[in-house]
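Coordinates in review
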Amino acid sequence: MKRITTKMYWVIIILMIESPLLAQAYKISAVSITVQDMEKEIVFFKTNLDFTLTGDTIYKDDHTKQIYQWNGTEGIRIATLKLGNESIRLIQFIHAPGRPNPPDAKSNDLWFQHIAIVVGDMDKAYQKLRNQEITYISTSPQTLPEYLTAAAGIKAFYFSDPEGHPIELIYFPKDKGNPKWHEPTNALFLGIDHTAIVISNTKNSFAFYEKLGFKFSGHSENYGTEQEHLNQVFGARLDINGLHVEQGFGLEFLKYIAPRGGRLYPPDSKPWDLWHYQTEIEVKNIQQIVTWLDQAHLIKISDRLIESEHAYSVLFRDIDGHPFLLTQSKSIE
């Protein structure tokens, strides 16, 4: 796998600054998570988090395998689960020698990514989860204090599913969050607000994602006892920035101001390793974007732009290693 060197890194930054605004990403349609035991994971999300299974297919076609550079004969199983108006996908590379999530993984490691599930009542959601097969990341749900003006009153709790995938529960007080999270409902788990990724440099990540069409949607600098208990990182101080496109859920940058020393995204990572999260982005000018990313020497997991019956797709890594899948429907050519 190609690895970003210091020279290549600066080529990326220069091209991001000098290239014209692409501004054609219009939807985050899903986040996909690689799993090993598909049946167990489906049951976990349905039973504990109220997701609904909307699709479950084994793909053996060449174009699906080519997206991931997967040569296995048994195919790729993809299950789609929906919560509210948002979806995730669970991907199983059948009989793949994928590596498990590292047992010593920390929330400030650069491969850290999670989905943030909105709840209508944090206490009830926590009680439902606490007796299930989860691993605590947070010590318990945390209410962010008044001195964090942008985040004051937000309640959050981090945990991992049975295979070690990080997940966040988040509750928004009435003056915070998307207005749709405050609409009357009897549901406990409401939908997915965003996916969050740990980054190394806020300015450079903004430059990259803004070229794809993402727009700034909010900022907070979080620190203190509650933040330490939330992330289980002593002395945690985070620069947090939200972004969005026209449709779908948001993207959140987590930049650790302190402590320093989070580990880099493993350069030999494969899509079948269990720490693989990928953000799925729908775009309108995929060939132009691929040309730009190739010029910037971004790591491309797919060997080329893959054409299927209904769409074009390609899987890249961003400047910190986080995978993102670009897709363009043939209906908008």
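First, a word on scope: everything that follows refers to the structure included in this document. All figures in this text were calculated on a predicted structure; none of them were measured in a lab. (Residues numbered from 1 in each chain as written. Predicted model: local features only at pLDDT ≥ 70, side-chain atom pairs only at ≥ 80, totals over all residues. Heavy atoms only, no water.)

**Observations concerning the pattern of salt bridges**
Heads up, the condition is: Should a side-chain nitrogen of Lys or Arg be within 4 Å of a carboxyl oxygen of Asp or Glu, the pair is scored as a salt bridge. Secondary structure elements follow DSSP: runs of H or I of four or more residues count as helices, runs of E of two or more count as strands, with numbering from the N terminus. Residue exposure (1.4 Å probe, protein chains only): buried if accessible area is under 20% of the type maximum, exposed if over 50%, otherwise partly exposed.
Per the counting criterion, the structure on display carries 14 salt bridges. Between R89 and E280 there is a salt bridge, and its shortest N-O distance comes to 3.0 Å. Here the residue R89 occupies a position in strand 4 (residues 86–93), and E280 occupies one in strand 15 (residues 277–283), the gap between them amounting to 191 residues. Owing to a relative accessible area of 6%, E280 belongs among the buried residues under this scheme. When the shortest N-O distance is used, the salt bridge between R263 and D104 registers 3.1 Å. In this pair, R263 is assigned in the loop between strand 14 (250–258) and strand 15 and D104 in the loop between strand 4 and strand 5 (113–119), connecting sequence segments 159 residues apart.

**Points about the pairing of strand 14**
Test applied: At least two bridges found by DSSP between two strands are what make those strands a pair.
In terms of residue burial, strand 14 counts as a mostly covered element, since seven of its nine residues are buried. Pairing analysis gives seven bridges linking strand 12 (residues 237–244) to strand 14, with the strands arranged antiparallel. Its bridge partner being in strand 14, N241 is matched across the sheet by F253.

**Description of the environment of A296**
Mapped onto the secondary structure, A296 falls in the loop between helix 7 (286–295) and strand 16 (306–307). For A296, a relative accessible area of 1% corresponds to the buried category.

**Observations regarding helix 7**
Heads up, the rule is: Note that the arc is computed from the directions linking the helix axis to the C-beta atoms.
Among all positions of helix 7, only I286, I289, V290, W292 and L293 are buried. One side of helix 7 carries all its buried residues, which in axial view fall inside an arc of 160°. Downstream of helix 7 by one or two residues, H297 has phi in the positive range, about 60°.

**Quick look at the packing of aromatic side chains**
Test applied: Any Phe, Tyr or Trp ring, taking Trp's six-membered ring, that has another such ring centre within 6.5 Å forms a pair; planes under 30 degrees apart are called stacked, those over 60 apart edge-to-face, and the others tilted.
Tallied over the entire structure, the rule returns 20 aromatic pairs. Seen from their ring centres, Y68 and F93 are 5.3 Å apart, and the 80° between their planes marks the pair as edge-to-face. Of the two residues, Y68 is situated in helix 3 (residues 62–68) and F93 in strand 4; the sequence distance between them amounts to 25 residues. A relative accessible area of 5% means that Y68 is categorised as buried. For the ring pair F208 and F324, a centre distance of 5.7 Å and an interplane angle of 70° mean the geometry is edge-to-face. In this pair, F208 is assigned in helix 5 (residues 202–212) and F324 in strand 18 (residues 323–329), connecting sequence segments 116 residues apart. For the residue pair F208 and F324, the accessibility class agrees, reading buried in each case. Of the aromatic side chains, those joined through ring pairs into one cluster are F206, F208, Y209, F214, F216, F253, W292, F316 and F324.

**Here's the deal with the nonpolar core**
As a reminder, the rule being used: Buried Ala, Val, Leu, Ile, Met, Phe, Trp, Tyr and Cys residues form a nonpolar core when they are joined through side-chain atoms within 4.5 Å.
Counting residues in each nonpolar core, the largest one holds 59 residues, and the members touching the most others are L49, L169 and F214. Core analysis: the next-biggest nonpolar cluster, separate from the first, contains 14 residues, A156, A196, V198 and L238 among them.

**Focus on helix 4 (residues 122–130)**
Threshold: The contact criterion used throughout is that any non-hydrogen atoms of two residues lie within 4.5 Å. Each polar contact in these results corresponds to two N or O atoms within 3.5 Å; when the atoms are within protein, one needs to be able to donate a hydrogen and the other to accept it, and residues that are neighboring in sequence are counted only if both atoms are side-chain atoms.
Within the sequence span of helix 4, burial applies to M122, A125, Y126 and L129. For helix 4, the arc enclosing every buried residue in end-on projection is 100°, short of the 170-degree limit, so these residues lie on one face. The exposed residues of helix 4 that point more than 90 degrees off its buried face are D123 and K124. Along its buried surface, helix 4 packs onto helix 2 (38–49), strand 5, strand 6 (135–136), strand 8 (155–160), strand 9 (166–171) and strand 10 (189–199). The N-terminus of helix 4 is capped by D121, whose side-chain oxygen sits 3.1 Å from the backbone nitrogen of D123.

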